[in-house]
Amino acid sequence: MSFPPEFLNELRDRLAVSEIVGQRVRLQRKGREFQGLCPFHNEKTPSFTVNDDKGFYHCFGCGAHGDVITFAMNTEALSFPEAVDKLAQIAGLQVPAQHPDDRARDQKRRTLEEVMEAACRWYERNLRLPVGKQAMEYLKGRGLDEATLKRFRLGYAPNERSALKAHLVAEGFEEALIIEGGLHKPAEEAGDRPGERARGAIDYFRDRVIFPITDRRGRVIGFGGRVMGDGQPKYLNSPETPLFHKGRVLYGLAQAREAAGKAGSVLVTEGYMDVIGLAMGGFDYAVAPLGTALTEEQILQLWKLAPEPVLCFDGDSAGQRAAARAAERALPLLKPGFSLRFVTLPAKEDPDSLIRTQGPAAMRRLIDEAAPLVTALWRSERAKLHSETPEQLALLRQTLEEHAAKIADRTVQGFYRTALLRQMEEAYPALAGIGAAQPAPAQRGPAHHGEAAQGGSDADLGGYRQGYGDGYEDGHLLGYRRGWRDRPGGKYNPRARRKEPETQADLAAKHIERTGSRRFAFALRSRRAEQIVLAALINHPQLIDEFSEVISMLPFEDAELDRLRGEILHVPASVSDLDVPHVESHLIAQGYSTTLERLRSPEVEETARFTGASVSADRARSVLQELLSRASAQAELEAQLVEAQAALADEMTEENWTRMESLRQALQELVTGPTFDDQAFAIESAGQRNGDRGSGQQS
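Conventions adopted
- Residues numbered from 1 in each chain as written.
- Predicted model: local features only at pLDDT ≥ 70, side-chain atom pairs only at ≥ 80, totals over all residues.
- Heavy atoms only, no water.
- Helix = DSSP H or I, 4+ residues; strand = E, 2+ residues; numbered from the N terminus.
- Contact = heavy atoms within 4.5 Å.
- Buried < 20%, exposed > 50% of the residue type's maximum accessible area, 1.4 Å probe, protein only.
- Axes fitted to C-alpha atoms, helices over the stretch in contact; angles between N-to-C directions.
- Parallel < 35°, antiparallel > 145°, perpendicular 65-115°, else oblique.
- Nonpolar A, V, L, I, M, F, W, Y, C, P; charged D, E, K, R; others polar.
- Pairing = 2+ DSSP bridges.
- Salt bridge = Lys/Arg side-chain N within 4 Å of Asp/Glu carboxyl O.
- Core = buried A, V, L, I, M, F, W, Y, C linked by side-chain atoms within 4.5 Å.
- Arc of directions from axis to C-beta.

Draft legend 1. Structural context of the overall build of the protein chain. For the protein chain, the helix and strand inventory stands at 31 helices and 18 strands. Restricting the contact set of the protein chain to residue pairs at least 6 apart, pairs at least 24 apart contribute 65%.

Draft legend 2. Up close: unusual backbone geometry. In the Ramachandran plot, aspartate 207 falls in the positive-phi region, its phi being about 50° despite a non-glycine side chain. Note on aspartate 207: relative accessible area 29%, which makes it partly exposed. Phi at lysine 348 takes a positive value of approximately 65°, unusual for a residue other than glycine. On the secondary structure map, lysine 348 appears in the loop between strand E15 (341–342) and helix H14 (351–358). A relative accessible area of 81% means that lysine 348 is categorised as exposed.

Draft legend 3. Fine view of the packing of H14 against helix H15 (residues 360–368). It is the contact of H14 with H15, at a shortest axis distance of 6 Å, that shows an interaxial angle of 130°. The orientation of H14 relative to H15 falls into the category oblique. Contact with H14, carried on its side by Pro351, Leu354, Ile355 and Gln358, involves Pro360, Ala362, Met363 and Leu366 of H15 and no other residues of that element. Within the contact of H14 with H15, the residues separate by chemical class into 7 nonpolar, 1 polar and no charged.

Draft legend 4. Highlighting the sheet that holds strand E3 (residues 48–51). Ordered by their spatial adjacency, 5 strands build an open sheet running E1-E2-E3-E4-E5, and the pairing between neighbours is antiparallel. Each edge of the sheet is formed by a strand with only one pairing partner; in this case those strands are strand E1 (28–30) and strand E5 (65–66). In the sheet, strand E4 (residues 56–59) pairs with E5 via 2 bridges, with the strands oriented antiparallel. Paired with histidine 58 across the strands is histidine 65, a residue of E5. Contacting E3, E4 and E5, helix H3 (residues 68–76) runs over the sheet at an angle of about 55° to E4.

Draft legend 5. Expanded view of the pattern of salt bridges. A full pass over the atoms with the stated rule returns 30 salt bridges. Here arginine 248 and glutamate 10 are joined by a salt bridge, their closest N and O atoms 3.6 Å apart. Residue arginine 248 is found in the loop between strand E11 (235–237) and helix H10 (253–263), and its partner glutamate 10 is found in helix H1 (residues 5–14); the two are separated by 238 residues along the sequence. The exposure class assigned to glutamate 10 is buried, which follows from its relative accessible area of 15%. The closest approach of N and O atoms between glutamate 297 and arginine 14, which form a salt bridge, is 3.9 Å. Note that glutamate 297 is positioned in helix H12 (residues 296–305) and arginine 14 in helix H1, a separation of 283 residues in sequence. Overlapping salt bridges bring together Glu10, Arg14, Arg248 and Glu297 as one network.

Draft legend 6. View of the nonpolar core. One finds Leu267, Val343, Met363 and Tyr416 to be the most contacted residues of the largest nonpolar core, which totals 57 residues. If sequence neighbours within four positions are ignored, leucine 267 has contacts with Leu278, Phe283, Tyr285, Ala286, Val287, Val310, Cys312 and Ile367. One finds Ala135, Ala163, Val220 and Ile221 within the second-largest nonpolar core, a separate group that totals 47 residues.

Draft legend 7. Quick look at the sheet that holds strand E12 (residues 267–268). Strand order in the open sheet formed by 5 strands is E13-E12-E14-E15-E16, and the pairing between neighbours is mixed. This sheet does not close on itself; its edge strands, each paired only once, are strand E13 (286–287) and strand E16 (371–372). Sheet topology places E12 next to strand E14 (residues 310–311); 2 bridges connect them, and they run parallel. Paired with leucine 267 across the two strands is valine 310, which belongs to E14.

Draft legend 8. The arrangement of helix H26 (residues 580–589) in detail. Every buried residue of H26 is accounted for by Val580, Val583, His586 and Leu587. Down the axis, H26 shows its buried residues gathered within 130° of arc, on one side only. Residues of H26 that are exposed and angled more than 90 degrees away from the buried face: Pro581 and Ala589. At the C-terminal side of H26, glycine 591 shows a positive phi close to 95°.

Draft legend 9. Region of the structure containing the environment of leucine 144. Tracing the chain through its elements places leucine 144 in the loop between helix H6 (133–141) and helix H7 (146–152). Its relative accessible area of 2% is what places leucine 144 among the buried residues. The sequence separation of leucine 144 and methionine 273 amounts to 129 residues, and the corresponding C-alpha distance is 9.8 Å. With sequence-adjacent residues up to four places away left out, leucine 144 is seen in contact with Leu139, Leu149, Leu154, Met273, Ile276 and Met280.

Draft legend 10. Focus on the side chain of lysine 165. Along the polypeptide, lysine 165 turns up in helix H8 (residues 163–170). Apart from the residues lying within four places of it in its own chain, the contact partners of lysine 165 are Glu175, Ile178, His184 and Asp203.

Draft legend 11. Inspection of the pairing of strand E10 (residues 220–226) at higher detail. With 7 of 7 residues buried, E10 lies mostly within the body of the structure. Relative to E10, strand E9 (residues 208–214) runs antiparallel, the two sharing 6 bridges. Residue pairing in the sheet places valine 209 in a bridge with arginine 226 of E10. Taken together, the 3 bridges between E10 and E11 define a ladder with antiparallel strand orientation. Of the residues in E11, the one forming a bridge with glycine 225 is leucine 236.

These results come straight from atomic positions and should not be treated as a statement about function.
Below, the structure is given as C-alpha cells:
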C-alpha cells in the first residue's frame, strides 16, 4: 500500500519528532537538539538524540535512526500503513484513498519536480547571458552580489511568448507536464463577452526577475517573478499546482532553517527582496509568506524553527494590517511557550530599505525591541478607538475579552485576559474600580506564633504576608508552604496546611507538569534568578541530580543560560569527580568559559552569595528550595487571581470583590516583597540561630 509523497511530506512537516518521541522518552533540550535514553536498547548515559529541524532521531549507541513514522513502527509494532494512519489522526490529516493509478501519479510528481528544476536552471542561465543584462544590472543595483544570486538561485525570464516551453520540450518534457507545472499557459478560446478575443499559448513568466520557491528541503516547487519597471502586477507567483500551494509555503525556508536553529529565532517579512536583504545584512534566518496573510499552517511551520518568530512587516498601513491579521490567526493556536513578536518599522520602510539606508545595526535595535503578541494586540485595538466615551471604552474591553476567548489553551487564555485588561486599566486608571464598591480595609489578625503580622489578615492572605515577618521555620518560608493543599473543590482555602511537606523540588516539578511550564516561567522570568539557579548547581554539583527534574522543566528566557543549563544537567553523567574544579573544567572544555565568567561577576556573586562554594550544601539547598517555592506560590496565586477576576465579572458581589482583592494583594506582596538577598539572609540567620540554640543545649 503506497501513499502520495506530498501527503507523507506534509505528515512529517506537521509532527515534530520530539513531540512523538517525547510520549515515550523523557527528553531534555540540549542546544538545537533533544537528548534522552534510547528506547531501543538499555543504557544509563543518554546517547539518543532528536533533531526537529532535520526531522529525525538517531542513537549513537545502537545506531537506531529514523523519522516519526519509523519511530511509531518500531516502538508500537505497527506496519507502515498502520503507523501512517495513527500519525495522520494526531496531525489532523485525512489519509488519501488509494487508487490503482497511484504509482503513475507518484511518477508524474517526480517528473514535475524534474521539470521545475530544469526550468530553474534555464532561468539562472539566462540571467548571465546577454538577454539577462538588464535584469543583472537591476539586481546589482539593489546590492546583490554573486554569492547571494547563487544562494537564492535568482534568474531571468526573457520577454518571449514560448521560449521556456520550447526549451523544455527540447529537453524531452511533454507540453502537458509543462502546463501542469504552471510554467506555460495553454491557448484559450474567445469568451462570450463582447470584444473578448482568443488568447494564444504563452509562458507564464515573461520579462521578470525570477525567484525560485522551494520546499523546506530545497526542491523547486514554484517561482515568483518581479517586474523591473512600473508594470503590474509587481510580483507574480506560480499558480496552484500539485507541487505548489502558496498558503503552505514560506519563501527562503530552505536557506533559513540551519541559521534559525543556530540563532534560536526566525524573522518573518513580506517579500522576496526583504528576505534577501536581511540575509545580506547578516540576518540569514528570514522567511516570507507568498503574497498572502500569514496562514495557520505557516505559523505552525515557524514554531518548528523558533518558539517566538519575529514579524517584520512593512511600516505602511498594508504592512500593519497584515501584522494584525497574523496576530488574530495566531490566537487560537497559542500554547505555553509559543507565540509571536512584532517589530514596528518606520513608516514607508521595509527591512530591505532600512538595512540599505541605515545599516544592519538599525534593524538589530528594532528586533531587540520587538513587542510580544499580547502588547501588539493591545496597541492595535487601542489605535482603532475613535473616542474615549464610555461606549467606546466598553467596546474596547469587549473586543479584548473576545480576543482572549479565541485562545484554545485555557492557561494561556487566562493570562491573556488578565494582561490585556491590565493594560487597559493602566491606560485608563479611572476605569479600574468601575462597577464595584471598595470594601472596608481588612482587619488585621494575629500572625504566626502570636506575633503581629505585617499587613492584612492571615485569613485573607493565606499566610503569604506572614512569610515576610518572623514566619520562618526549619529554613522555609511558612507562607509559601501553606494554603495550597486540601482545598475543597480546588478553591482557595487559606487555613489548609500540609503536615508532611515534600521537598520544594518535588512540588515544583509536579506543579509544572500539572499547569504547564509557561505559567511557572512568569515567576522565574528574571535573568538574575536563572543565574542564581545555575550558580548554585555549579558551586554545589551534588545538588544537580536532586533538582535535575524540576530545573530541566523550567523555560529559561536567556538562550545562553539555557544552553549552559542543559550542559550542567549532563555533568553527573560526564564528570567522574563531582567537585567544583572538575565541573568548571568540563564546562570550559564545552565552550562555556565566557558564560562562566559572567556567572562569576561581582554583581551575580553579590546576589547569589548564599549559594557560593564556601556555603554548605544544606544552606545552598535551602536557598534553591526557597526560590522554587516562591515561584510556585506566585504561579498559583496568579492562576487563582484569574479565576477570581472571572467570577467577579460574572457576578459583582462584595464576596467576590473581597476574594479578588485579597488575592491581588497577596500577589503584590509576594512579587514586591523582600528581595532574594533578604530571603537568603533570613534563612542564613535562622540557620545560625538554630545552630546557636543547639550549642547552648550542649553546654
